[in-house]
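Okay, here's what each chain looks like letter by letter:
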Amino acid sequence: MPITYDTTKKQFHLFNDQVSYIMEIVEDLYLTQVYYGQRITSFNQSSSFPRIDRSSFSPNPQQLSNKGFSLNVCLQEAPGYNNGDYRDGLVAATYSDGTKATNLLNQDYRIIPGKPKLDGLPATYVVDDQEATTLLINLSDPYRHLTVTLSYTIYEKRSVITKSTSFTNDSKTTLTLNRALSACVDFPTAEFDVIQMPGDWAREKQLHRQTIMPGLHSLESKRGASGVAQQPFIALADPKTDDKNGEVYGFHFVYSGNFKISTEVDPWQQTRLLIGINPFNFGWTLKPGESFQAPEVVLVYEKNGLNRMSQTFHNLYRERLARGKFQYEERPILINNWETTYFDFNEAKLLTLADDAKKLGVELFVLDDGWFGKRNSDTTSLGDWFVNSKKLTHGLKHLVDQIHNKGLKFGLWFKPEMVSEASDLFKEHPDWHIHIDGYPTSLGRNQLILDFSRKEVRDAIFERMTKILDTVPIDYIKWDMNRNMTEVGSIGRDSKEQLKTSHLYMLGLYEFLEKLTTRYPNILFENCSGGAGRFDAGMVYYMPQSWTSDNTDAVERLKIQYSTSFMFPPIMMCSHISESPNHQIGRQTNLNTRATVAMAGNLGLMLDLKHQTDADLAILKEDLQWYKEHRNLIQFGNFYRLLNPYDHDRYGAFEFLNEDGGLIYFVEILPQASKPWLRLKLQGLEANSLYEINHQKLSGSELMNYGIYMNTDLFGDFQSKLIEFKKIK
Ligand code: DGJ
């Protein structure tokens, strides 16, 4: 049993071969955090939590005779509110008397095999109950009758623990949750670097690492989506940890809406980490007997560096977060018409592009924005999901049949959550968008957000989409969403329930996606949000691949994909070979490097094939063939980051590895005259096996410790090379 409760020590121990997570009930009341890290067999310094000898500024709970005990210094699992712990807590609620103090005391627990589903929310799962064990601990405030259930699942064979929390009103009056976070992890140290992924549109996930700061700091989104500006991810790493060595704790929130991750270093050099739905614009009334379920957080502990932490996330997300037919299928190489035509296309143009793409070996043709309503620019028609017969004169089905006849699959772009003011849908239903009655609403890219917290709105869009999908044989959908929430309100909702809107929106979206993906199991879904504006773990549950960024410049993408790989495996990162000069930043890069970077992910093209030279078309054809031969390794192998492109814009390198061998991707970004020669050291090989590489037979130990020279023969900006190696069996 990987979860035990020691009744003498009052200790819970969650463990597998790799990790231990230990909690203890202290003073018979409080659930404290004792140890989280590399597996230990037992913990015997029971009740060794810090005591204070002067409590003027760290109060003692009244019911305890032990005046050395203060919640203010205690490492806790469910810190309350306004109860003498002056750090931020897991919960804040307003009760019927208008006050907020909350103290959560231990009640009871249950250990169950497997992992229960989180109703209506995305979450990691098990296929067999043997894979994991779950601990449910109830805590309650005996005066407020608020019960908090902490749920912990430990996977048997992964260094993964998941946490989530539910809140139940067991009182006789209504209360309002102002803060209902998913997880608190308290550490007895502040010896950490914080790794986070700030960014913006077309510059998503820019890896950032710095020493943890004293006091309270947060990474968050208030956008109604996880957003471009932060990823709901944080890693706390030992300052000495690098890609290959050292301890790291990774935390990823499985949610796509507003989030808050905070670190708080207290005066005693202890660190509190809190993760959950952002309390911003949030208020959840709970009537007597009602519960609120907060989403899941995935915790990964790794003692051997950042690459291994990422691989644990990759394997978990590929195997136990993504679902459906495409989970283990090699993904088709697509061409998307967006940067070739933008809104200016007709059937003939699309068919020519499809013909040219087919000749190169493309497998899936994707028609992007502009095929519906009067959509000739981004000012109109979102919501009018009816084919524009001026552009597609013979209709969508005719186009799709022709594409299929060429031996290509067909994919279509939708932006189901949005509505244009200039649309028939908006004329018919001017109150279906997120807004506050009588209060001006901001626009984002000329669009408003449909109120997916309302069932009738979801149902209408579902019907419009299924009308197409039931009659036209579509193989792939790109689901776009590219504006964030402002002036949040939902027409018809009671004033006391208005602050539920952002989360009800997410629940509505998840319900919609569940229904749609279940009804069309043969459609491959790609998640997009103006690039990676909602590329998060929540979306992976419904859509097994995501558009990594609108920025397809090879150098920028090298960085974005490098950071994205902290959480997500390459199969989930859609990456396209696009034009040079690049449409987003105007940089010119050679085709070889554009292809190399794109082929480190889930490959596609966004290229005007009419304007490529014959020589480039020949290179592309070879590249696509090469990718098909290697995509199993790229999409399902182990992935390693070898060189960090953020490091002075010098180099970037990745490695893909499986039991037969591997691939090295190397980019020299900015070269120097008389440049230092670079020996690249590989990772993860079998030390005593021989590998055939560069026409030589070299041992794994030599390749990992001495490495191979990489840049001696490269000349010019933005050069790259791809090296294959095979294990000699
Ligand atoms: C934003 C997406 O990220 C692009 O790839 C493209 O689909 C446009 N929307 C279309 O409007």
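Reading the values: rules and limits
- Residues numbered from 1 in each chain as written.
- Predicted model: local features only at pLDDT ≥ 70, side-chain atom pairs only at ≥ 80, totals over all residues.
- Heavy atoms only, no water.
- Helix = DSSP H or I, 4+ residues; strand = E, 2+ residues; numbered from the N terminus.
- Buried < 20%, exposed > 50% of the residue type's maximum accessible area, 1.4 Å probe, protein only.
- Polar contact = N/O pair within 3.5 Å; in protein donor to acceptor, adjacent residues only side chain to side chain.
- Contact = heavy atoms within 4.5 Å.
- Pairing = 2+ DSSP bridges.
- Patch = residues over 30% accessible without salt bridge, like charges linked within 9 Å, V, L, I, M, F, W, Y side chains within 5 Å.
- Areas by Shrake-Rupley, 256 points an atom, 1.4 Å probe, with all protein chains shown as cover.
- Salt bridge = Lys/Arg side-chain N within 4 Å of Asp/Glu carboxyl O.
- Axes fitted to C-alpha atoms, helices over the stretch in contact; angles between N-to-C directions.
- Near = heavy atom within 4 Å.
- Nonpolar A, V, L, I, M, F, W, Y, C, P; charged D, E, K, R; others polar.
- Expected span 1.5 Å × (residues − 1).
- Bend = angle between axes of the 7 residues up to and from the residue.
- Phe/Tyr/Trp six-rings, centres within 6.5 Å; stacked < 30°, edge-to-face > 60°.
- Core = buried A, V, L, I, M, F, W, Y, C linked by side-chain atoms within 4.5 Å.
- Right-handed = clockwise from strand over helix to strand, strands pointing away.
- Parallel < 35°, antiparallel > 145°, perpendicular 65-115°, else oblique.
- Left-handed = near helix turned anticlockwise from the far one by under 90°.

Enquirer: Looking at this structure, I do not really get unusual backbone geometry. What am I missing?
Expert: Trans is the prevailing form of peptide bonds, just as negative phi is the prevailing case for residues other than glycine. With an omega of 0 degrees, the peptide bond between S580 and P581 qualifies as cis. Within the secondary structure, P581 sits in the loop between β30 (573-578) and α10 (591-598). At H145, a position not held by glycine, the phi torsion is positive, near 60 degrees. Mapped onto the fold, H145 is located in the loop between β7 (132-141) and β8 (146-155). Assessed through its relative accessible area of 38%, H145 is described here as partly exposed.

Enquirer: What am I meant to see in the side chain of R87 here?
Expert: Within the secondary structure layout, R87 lies in the loop between β4 (30-38) and β5 (91-94). Within the structure, the side chain of R87 is placed 2.7 Å from the backbone oxygen of C74, a separation counted as a polar contact. Among all residues touching R87, those that are not within four sequence positions of it are L71, N72, V73, C74, Q76, D186, E264, D266, Q270 and R272.

Enquirer: For this particular structure, what's the right way to read the pairing of strand β18 (residues 271-277)?
Expert: Of all 7 residues in β18, 7 are buried, a share of seventy percent or more. The sheet contact formed by strand β17 (residues 259-265) and β18 spans 7 bridges and is antiparallel. Paired with T263 across the two strands is L273, which belongs to β18. Taken together, β17 and the strand that follows it, β18, pair antiparallel across an intervening segment of 5 residues, in which Q269 is found at a positive phi of about 60 degrees.

Enquirer: Quick question: what am I supposed to make of a nonpolar patch on the surface here?
Expert: Residues W677, Y706 and Y709 make up a contiguous nonpolar surface patch of roughly 380 Å² in combined accessible area. When its relative accessible area of 61% is taken as the criterion, W677 is described as exposed.

Enquirer: What is the right way to look at the sheet that holds strand β11 (residues 183-187) in this model?
Expert: Within a sheet, adjacent strands bond to each other through the backbone by hydrogen bonds, running parallel or antiparallel. With respect to topology, 4 strands assemble into an open sheet ordered β11-β18-β17-β14, the strand pairing being antiparallel. The two strands at the open ends of the sheet, each matched to only one other strand, are β11 and β14 (215-221). Within the sheet, the average angular offset between the axes of one strand and its neighbour, ignoring direction, is 10 degrees.

Enquirer: Can you walk me through the site of the ligand in this structure?
Expert: Taken together, 13 residues surround the ligand, and among them D368, D369, K478, D480 and D550 come closest. Within the side chain of D369, a nitrogen or oxygen atom sits 2.6 Å from an oxygen atom of the ligand. Here the ligand has 290 Å² of accessible area as a free molecule, and 97% of this is covered by the chains. A per-class count over the shell around the ligand returns 4 nonpolar, 3 polar and 6 charged.

Enquirer: Honestly, helix α1 (residues 306-320) in this entry has me stumped. Any pointers?
Expert: Three or four residues apart is the spacing at which side chains of an α-helix point the same way, because the helix has 3.6 residues per turn. Here α1 contains 15 residues, and its C-alpha end-to-end distance of 21 Å stays within 8% of the 21 Å for a straight helix at 1.5 Å per residue. Among the 15 residues of α1, 12 are classified as buried, and the element is accordingly described as predominantly covered. Among all positions in α1, only L306, N307, M309, S310, Q311, T312, F313, H314, L316, Y317, R318 and R320 are buried.

Enquirer: Explanation requested: the pattern of salt bridges in the structure shown.
Expert: Side chains carrying opposite charge are able to pair once their charged atoms draw close together. Applying the stated criterion across every chain yields a total of 47 salt bridges. A salt bridge links E514 to R323, with the shortest nitrogen-to-oxygen separation between them at 3.0 Å. On the criterion of sequence distance, the pair formed by E514 in helix α7 (residues 501-519) and R323 in the loop between α1 and β22 (334-336) is long-range, its members being 191 residues apart. The salt bridge partner of D459 is K455, with a shortest N-O separation of 2.7 Å. A residue pair is termed a helical-turn pair when its members lie 3 or 4 positions apart in one helix, as D459 and K455 do in helix α6 (residues 455-469) at 4 residues.

Enquirer: Explanation requested: the sheet that holds β4 in the structure shown.
Expert: Spatially, β1-β2-β3-β4 is the arrangement adopted by the 4 strands of the open sheet, whose pairing is antiparallel. With partners counted over all chains shown, the strands left at the sheet margins are β1 (3-6) and β4, one partner each. Between one strand and the next, the sheet's axes are offset by a mean angle of 15 degrees, whatever the strand orientation. Relative to strand β3 (residues 19-26), strand β2 (residues 11-15) runs antiparallel, the two sharing 5 bridges. Bridged to H13 within β3 is I22.

Enquirer: Would you take a moment to explain helix α11 (residues 614-636) for this structure?
Expert: Compared with the 33 Å implied by 1.5 Å per residue over 23 residues, the 33 Å span of α11 between its first and last C-alpha is a close match. Where α11 bends most, at H630, the angle is about 60 degrees.

Enquirer: Looking at this model, I keep getting lost on the environment of G98. Mind explaining?
Expert: Inspection of the secondary structure puts G98 in the loop between β5 and β6 (105-113). Look at G98 and you get exposed, because its relative accessible area is 52%. G98 sits 77 residues away from L175 along the chain, and the two C-alpha atoms are 9.2 Å apart.

Enquirer: Sorry if this is basic, but what is going on with the packing of aromatic side chains here?
Expert: All chains considered together, the criterion is met by 50 aromatic pairs. Ring centres 6.5 Å apart and planes at 40 degrees place the aromatic pair F167 and F292 in the tilted group. Highlighted residues: F167 in strand β9 (residues 160-169) and F292 in strand β20 (residues 291-293), separated in sequence by 125 residues. On the accessibility criterion, F167 (0% relative accessible area) is buried.

Enquirer: Before we go on, may I ask you to explain the side chain of K675 in this structure?
Expert: By the secondary structure assignment, K675 is in the loop between β34 (661-668) and β35 (679-680). A polar contact is formed between the side chain of K675 and the backbone oxygen of L714, at a distance of 2.7 Å. In contact with K675, not counting residues within four places along its chain, are E668, N711 and L714.

Enquirer: Where do I start with the nonpolar core in this structure?
Expert: General note: in soluble globular proteins, nonpolar side chains tend to be found buried as a group. Among the nonpolar cores identified, the biggest contains 188 residues, and Y36, L177, F251, L367, W371 and L396 are the most heavily contacted of them. Judged by nonpolar contacts, the second largest core, of 22 residues, contains L657, L698, L703 and I708.

Enquirer: Help me out: how do you make sense of the pairing of strand β27 (residues 476-479) in this one?
Expert: Regular strands place side chains that alternate from one sheet face to the opposite one. Side-chain alternation along β27 places Y476 and K478 on one buried face and I477 and W479 on a second face that is also buried. Inspection of the sheet shows β27 paired to strand β28 (residues 524-527) by 4 bridges, in the parallel sense. Bridging across to β28, K478 finds its partner in E526. Each parallel crossover has a hand, and for β27 linked through α7 to β28 it is right-handed.

Enquirer: Looking at this structure, how should I read the packing of helix α3 (residues 347-360) against helix α4 (residues 395-405)?
Expert: Helix packing geometry: the angle between the two helix axes and the distance between the axes. Orientation of α3 relative to α4, taken along the N-to-C sense of each, is 20 degrees, at an axis distance of 11 Å. With respect to α4, the element α3 is oriented roughly parallel. Two packed elements cross with a definite hand, and for α3 against α4 that hand is right-handed. Where α3 abuts α4, its residues E347, L350, L351 and A354 lie against H398, L399, Q402 and I403. Looking at the contact of α3 with α4 residue by residue, the classes come out as 5 nonpolar, 2 polar and 1 charged.

Scope: geometric values only; no functional claims are made or implied.
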